[in-house]
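# Architecture at a glance
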Amino acid sequence: MFAYALRRIVATIPVMAVVALFVFSLLYISPGDPAAVIAGDQATPADVERIRASLGLDRPYLVRFGDWVWQIVHGDLGTSIFTNLPVSTMIAQRIEPTLSLMVITLILAVCIAVPMGVVAAWKQGTWIDRAVMAFAVLGFSVPVFVVGYLLAYVFALELDWLPVQGYTPFARGIGPWFQNLILPAVALGGVYIALIARITRATMLEVLQQDYIRTARAKGVGQRGILFLHALKNAAVPIVTVIGIGVALLIGGAVVTESVFAIPGLGRLTVDAILRRDYPVIQGVILLFSFTYVLVNLVIDLLYTLFDPRIRY
Amino acid sequence: MDRRSFLMAGTGLAAAGLSAPALSQGAAARTLRFVPQANLANFDPVWGTQYVVRNAAAMVWDTLYGVDAQLVPQRQMVESEEVSSDGLTWTFRLRPGLKFHDGEPVLAKDAVASLNRWAVRDPMGQMIRAIQNELVAVDDRTFRWSLKQPYPKMLLALAKNNAPCSFVMPERIARTDPFQQITEYVGSGPFRFARGEWVPGAKAVFEKFADYQPRSEPASWLAGGKRVMVDRVEWMVMPDAATAAAALQNGEVDWWENPISDLIPQLRRSRNIQFDVADPLGNIGAFRMNHLHPPFNDVRARKAVLMAISQEDVLRALVGDDESMWKRLPSYFTPGTPIYSEEGGDLLKGPRNLDAARRLLMESGYKGEPVVMLVAQDQPITKAQGDVTAEALKKIGMNVDYVATDWGTVGSRRAVKTPPGQGGWNIFFSWHAGADCINPAAYTAIRANGDGAWFGWPNSPEVEAKRDAWFAATTPEAEKAAMAGLNKAAMDHVIYAPTGFFTFYTAWRRNVSGIVKGPLPFFWGVSKS
Amino acid sequence: MSTSTIQPGTLHRPLTAGDVAAAAPLPDILPPVRARRGLIGFLRRNPTIAIGGGLMLLIIAVAILAPLLWTVDPTALAPARRTREPSAMYWFGTDMLGRDVYSRVLYGARVSLIVGFAVAFFSSVIGLTIGLVSGFVRWADAIVMRVMDGIMSIPSILLAIALMALTRGSVGNVILAITIAEVPRVSRLVRGVVLSLREQPYVDAAVASGTTTPRIILRHILPNTLAPLTVQATYICASAMIAESILSFIGAGTPPIIPSWGNIMAEGRALWQVKPYIVFFPAVFLSLTVLAVNLLGDGLRDWLDPRMAKKV
């Protein structure tokens, strides 16, 4: 078990190295010029050239990559060339909204999708099953920003139940915090709900046919008991896996959702940074997202052993 | 209880029970929430010259002089000045009792260091530097600037609201290389920058500076007594116009700097919202051509563009149907200002004559080579100009290569002088604040000194001579004559193609008062009930 | 998805509809019917294919026949007639530059379909090649798969945005950017099939009897790869359409002079409170098209992979 964990952890290092090289190269060859943006519209070409030199943007590729990796290894993600703030500080400022959005979306999605999937499997072939599956297909097909605008229009503008935009820090109260996040979470959660509901239904159907479920039935365990205790417990592995894999979906969706709902999170930071070609920020954020994704899946792999004692290493 | 009030009550309870003490009613009334035109991404008003940085900086840093609503320089930090009879030596005396936000007094050496840094980056500052003998602090409150030649526009240079403004910073900060960003945001202005609450891309907070000593005159733009009536000003960045409109309607923000005009009818329906033209000096759209390469190295091709573009179409696309918000502009200068001139702007007047434009373009020797047009999609102003003029140019037979890109890329590519096929360009779009185009003082884009000129590098000794004539002018009549000559020379040479004059609205909640029209949002004198 | 398909120890890929595909069996949206022969019979037995395919054909027809369907030039500007509400004259209204939204939406179908199909095709071909190489060439496998893992651990929309920031917006570049983000998924799928087949006794036997590698690929590998690859390609097509619209929506996609659904929505988004139709119509068309492709994918999966269907 420990050896396996260690092996898995070591295996993530080359992956992160590839990501780092890729991200750095990508932006190195990018045509935009932060110096020109900084200098502003009234600057002369000579001004732009001097600013470029002062930012160190005129040094060779390997020197800059080397510097960058050296810094990262020392926990320093660099300094934004626009705000002059450390990238780690900027990420820290933005992480709460994004994390909040993801956590609420995740909880919401699991709370809605797992019962949906279970019920669909239980009532297989009935109209309930078909409705759930139709919803799942729909969830995949309607883009997140369409759902977002639709929700904002109905619930914030027409009905005026919830705020249209923005974010209230958790420290200012759980009520306002939740109010601001519920619409974006539902919009972002659509795809996720569809995904988890389908997986849940499929694995439940499979598990329900297993011998031990028949045995439990024969022993007189009630239908609800079978569904939620026996079957769901055994279906947990694939469901958890999908939740882990879907973190990438959440990250991608957050970029769009945060734009629609004006949430000052990491997604907005990323888009702003790309439009302004703030290299250190783009690099830091993509690295962070990729690292998170790798980490989540690492943890899930390790969790398998807890959920499913049949898996041994 | 209907569902809505139930929800409200529920969250109210939750907030009361679980949160840290919420802001009291009074505190909310003393916080002004403002949606700025753009994100405050960096905060060094000398190093970066975007308008949004200048606007924020005007709250935090004070200036020696400031222009008032009549565009006349007035003393601000300066108590008195003296100029020698030959016009070569300027002696300035600071007001007593000025303090920086860190509690230190403002001294003459701070002003000297700040002016030194500013003069490297500012077009007018550069002119002064070129003729400067020395700039020295005489004592704690007096400093002297001695020149080799007279510079009649000295007070305008120190008072102008065009970026970069000559903001006064503590000497230790002002010693920063003008091409490096400052890292400390300490000024002596009426607001203190709450750096800890700054989230670039989302939020910037300014707190009232209790030790600020406003002048006794009433406030007028950057001049007069800057009296702050609120405790805090919170800038909330919202890149999406629809979101900002909704936030204003719901009372989540108090003041939105630049609502797009299409949303005005919607805002008009709300009894709680007022709006007005933000800045009567408005903006001038600019269609900029590269004078170094064909086809626009030939003045006839540039003139064909003037004949082809329909300012009305551009302006409708950009501002909308409200005709009070825009104006056709057969000039390079801001309409409605004292020395405005339309001399030589005939090609931009009257109906469009596409046939004549087509003929002129042919005469210039244009043979259908691709014309590279850079259009930044993330700026509504450049996008509308690009979409409309691309169509117009196609109609006169131009082979337009429309390069959709972002403002950052335009910023870098427009500096490339190589031919369009090798990474250069033929056309890009920009705009100039009307306040910058009242006269040639801070109007970089009107220059025609070849390599030294703004992007496009027009070269016309005639235009430069007329510009110098304005700087030499000492009477209003002489200035007016110089302006007419300059506009005509610039039109004849087609320095660039103006695409029209347009203004924007600004909108605020009815409980906010004291908002004045101006080239930037002024937060002093604004109160909230 | 059975527990056996999850391989602990491998890095999981970002998820697309295709993954669920492998996982979730036939959604019985319509009740089964009596068997019949011929195309009609096939479609009745596979109602999901019938609905998805029918809708798909309709949209393809609209895209191809757009000039004949009472449209005007979708790029013709008329600032004097901007933001008109839908009417008999302008069926879907006009946008901020006075262009006809109906014409733009119909022509916009072309962009979405081209991007969807092209990405599906290119990522299948490239992914297939990479998958085969790493399945057969052992020394290349480790390197190729590390690179693929690296690319896959960057959320695909972020990757596509970053790639688009590098180049100028064009339909070709959009296709390229989305393809790069999708290739690792396909190559993993193909590699998986190759590795599992190589363990099969009959492939072993073929290798032992001196059959050349190209022949093995042609005879044994390709036929077995085709079914999952087709299904995967369908889902890639759907997610590419959504990715294109997101890229255009945030201003990093198809050039705005080309009417695409994402562009129309991006241009209308500032006005969605007052002129919701500019966003509404392209949104409906986009959602319907993606729905059609997803249904087609579900149907194909159930039809091509009867083992999966039988399990339920």
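Everything numeric here is computed off the predicted structure, so don't read it as measured data.

## A look at the overall build of chain B
Across its full length, chain B holds 16 helices and 21 strands. Its C-alpha atoms give chain B a radius of gyration of 25 Å, near enough to 24 Å, the size a compact globule of 529 residues would have. Taken over the C-alpha atoms alone, chain B extends approximately 75 × 70 × 40 Å along its principal axes. When burial is assessed residue by residue, chain B has 61% of its 529 residues classed as buried. Counting contacts in chain B only where the partners sit at least 6 residues apart, residues at least 24 apart contribute 72% of the total. Accessible surface, chain B: about 18900 Å² in total, of which carbon and sulfur atoms supply 52%.

## Some words on the pairing of strand S7 (residues 142–147) of chain B
In regular strands, side chains alternate between the two faces of the sheet. Residue and element names in this part refer to chain B. For S7, the buried fraction is high: 5 of the 6 residues fall into the buried class. For strand S5 (residues 89–94) and S7, the ladder comprises 5 bridges, and the chain directions are antiparallel. Along S7, the bridge assignment pairs tryptophan 90 with tryptophan 145. Here 5 bridges tie strand S6 (residues 132–137) to S7, and the two strands are oriented antiparallel to one another. Paired with leucine 135 across the bridge in S7 is tryptophan 145.

## With respect to the sheet that holds S5(B)
All names here are of chain B. The antiparallel open sheet is built from 4 strands, whose spatial order is S4-S5-S7-S6. Each edge of the sheet is formed by a strand with only one pairing partner; in this case those strands are strand S4 (78–83) and S6. Sheet twist, expressed as the average angle between the axes of neighbouring strands with direction ignored, equals 10°. Contacts from helix H4 (residues 108–121) reach S5, S6 and S7 within the one sheet, and its direction differs from that of S6 by about 145°.

## With respect to the sheet that holds strand S10 (residues 232–236) of chain B
Residues and elements named next belong to chain B. Reading across from one edge, S8-S9-S10-S1-S11-S19-S12 is the order of the 7 strands in this open sheet, with mixed pairing throughout. Because the sheet does not close on itself, it has two edges, and the strands there are strand S8 (191–193) and strand S12 (273–277). Two strands pair when backbone bridges link them, and S12 and strand S19 (residues 505–509) are joined in this way by 5 bridges, in the antiparallel orientation. Across the sheet, glutamine 274 pairs through a bridge with tryptophan 508, a residue of S19.

## Remarks on the packing of helix H6 (residues 127–141) of chain A against helix H8 (residues 174–208) of chain A
All names here are of chain A. Contact geometry of H6 with H8 gives a least axis separation of 8 Å together with a crossing angle of 140°. One finds that H6 runs oblique with respect to H8. As for the relative orientation of H6 and H8, their crossing is left-handed in sense. Within the contact between the two elements, H6 uses Asp129, Met133, Phe135, Ala136, Val137, Gly139 and Phe140 and H8 uses Gly190, Val191, Ile193, Ala194, Leu195, Ala197, Arg198 and Arg201. By residue class, the composition of the contact of H6 with H8 is 10 nonpolar, 2 polar and 3 charged.

## Some thoughts on the UniProt feature "transmembrane region" (unreviewed entry) in chain C
All names here are of chain C. On the UniProt side, "transmembrane region" (unreviewed entry) is annotated at positions that read residues 49–72, 113–137, 157–181 and 277–297 here. As annotated, residues 113–137 comprises 96% helix and 0% strand, and the C-alpha atoms at either end are separated by 35 Å. For the annotated span residues 277–297, helix accounts for 100% and strand for 0% of the residues, and the straight-line distance between the end C-alpha atoms is 30 Å.

## What to know about the pairing of S19(B)
Residues and elements named next belong to chain B. With 5 of 5 residues buried, S19 lies mostly within the body of the structure. Along S19, one buried face is formed by Tyr505, Ala507 and Arg509 and the opposite face, lined by Thr506 and Trp508, is buried too. Bridge count between strand S11 (residues 255–256) and S19: 2 bridges; the pairing is antiparallel. The partner of tryptophan 255 across the bridge, within S19, is tryptophan 508.

## Some details on the environment of Ser25(A)
Mapped onto the fold, Ser25(A) is located in helix H1 (residues 2–28). From its side chain, Ser25(A) meets the backbone oxygen of Leu21(A) in a polar contact 2.6 Å long.

## Focus: helix H7 (residues 171–198) of chain C
Because an α-helix packs 3.6 residues into every turn, residues spaced three or four apart end up facing the same way. Residues and elements named next belong to chain C. Compared with the 40 Å implied by 1.5 Å per residue over 28 residues, the 39 Å span of H7 between its first and last C-alpha is a close match. The largest bend along H7 reaches roughly 35° and is located at glutamate 182, with the proline proline 184 sitting one to four residues downstream. Most of H7 sits inside the fold, with 20 of its 28 residues counted as buried.

## Points about the nonpolar core
Generally speaking, nonpolar side chains in soluble globular proteins are found buried as a group. Grouped together as the largest cluster of nonpolar side chains are 301 residues, with contacts concentrated most on Phe43(B), Leu64(B), Trp145(B) and Phe206(B). Ranked by residues supplied to this core, first place goes to H8(A) with 17 residues. If we ignore the near neighbours within four places in the chain, the residues touching Phe43(B) are Val53(B), Ala56(B), Ala57(B), Val60(B), Trp61(B), Gln181(B), Ile182(B), Tyr185(B), Phe193(B), Trp198(B) and Phe206(B). The next biggest cluster of nonpolar side chains, apart from the first, holds 36 residues, and it includes Trp256(B), Ile273(B), Phe502(B) and Leu97(C).

## Brief notes about the state of the cysteines
Overall, the coordinates contain 0 disulfides over all chains when judged by the stated rule. Here Cys165(B) stays free of any disulfide, with the sulfur of Cys437(B) as its closest cysteine sulfur at 15 Å.

## Quick look at the pattern of salt bridges
Counted according to the given criterion, the structure contains 45 salt bridges over all chains. The salt bridge involving Arg316(B) is made with Asp321(B); its shortest N-O contact spans 3.6 Å. For Asp321(B), a relative accessible area of 39% translates into the label partly exposed. In this structure, Asp387(B) and Lys383(B) form a salt bridge, with 2.8 Å as the shortest nitrogen-oxygen distance. Of this pair, Asp387(B) and Lys383(B) both sit in helix H13 (residues 380–395), 4 residues apart, roughly one helical turn. When sorted by exposure, Asp387(B) lands in the same class as Lys383(B), which is buried. Residues joined by salt bridges that share partners form a network here, namely Lys383(B), Asp387(B), Asp95(C), Arg99(C), Arg104(C) and Glu267(C).

## Some thoughts on the domain arrangement of chain B
All names here are of chain B. Assigned domains within chain B: domain 1 (26–39 + 186–280 + 504–528), domain 2 (51–174) and domain 3 (283–502). Using C-alpha coordinates to define each centre, domain 2 is positioned 33 Å away from domain 3. Taken together, the 12 residues of domain 2 in the interface contact 15 residues of domain 3. Of the roughly 1000 Å² buried where domain 2 meets domain 3, counting both sides, 65% is carbon and sulfur surface. In this assembly, domain 2 and domain 3 are joined by 1 salt bridge. In this structure, lysine 153 and glutamate 479 form a salt bridge, with 3.1 Å as the shortest nitrogen-oxygen distance.

Scoring rules and cut-offs
Residues numbered from 1 in each chain as written. Chains lettered and ligands numbered in written order. Predicted model: local features only at pLDDT ≥ 70, side-chain atom pairs only at ≥ 80, totals over all residues. Heavy atoms only, no water. Helix = DSSP H or I, 4+ residues; strand = E, 2+ residues; numbered from the N terminus. Rg over C-alpha atoms; globule rule 2.2 N^0.38 Å. Buried < 20%, exposed > 50% of the residue type's maximum accessible area, 1.4 Å probe, protein only. Contact = heavy atoms within 4.5 Å. Areas by Shrake-Rupley, 256 points an atom, 1.4 Å probe, with all protein chains shown as cover. Pairing = 2+ DSSP bridges. Axes fitted to C-alpha atoms, helices over the stretch in contact; angles between N-to-C directions. Parallel < 35°, antiparallel > 145°, perpendicular 65-115°, else oblique. Left-handed = near helix turned anticlockwise from the far one by under 90°. Nonpolar A, V, L, I, M, F, W, Y, C, P; charged D, E, K, R; others polar. UniProt positions renumbered as here; feature names shortened; annotations may be inferred. Polar contact = N/O pair within 3.5 Å; in protein donor to acceptor, adjacent residues only side chain to side chain. Expected span 1.5 Å × (residues − 1). Bend = angle between axes of the 7 residues up to and from the residue. Core = buried A, V, L, I, M, F, W, Y, C linked by side-chain atoms within 4.5 Å. Disulfide = S-S within 2.5 Å. Salt bridge = Lys/Arg side-chain N within 4 Å of Asp/Glu carboxyl O. Domains from an automatic or database assignment. Buried area = accessible area lost by both parts, 1.4 Å probe.

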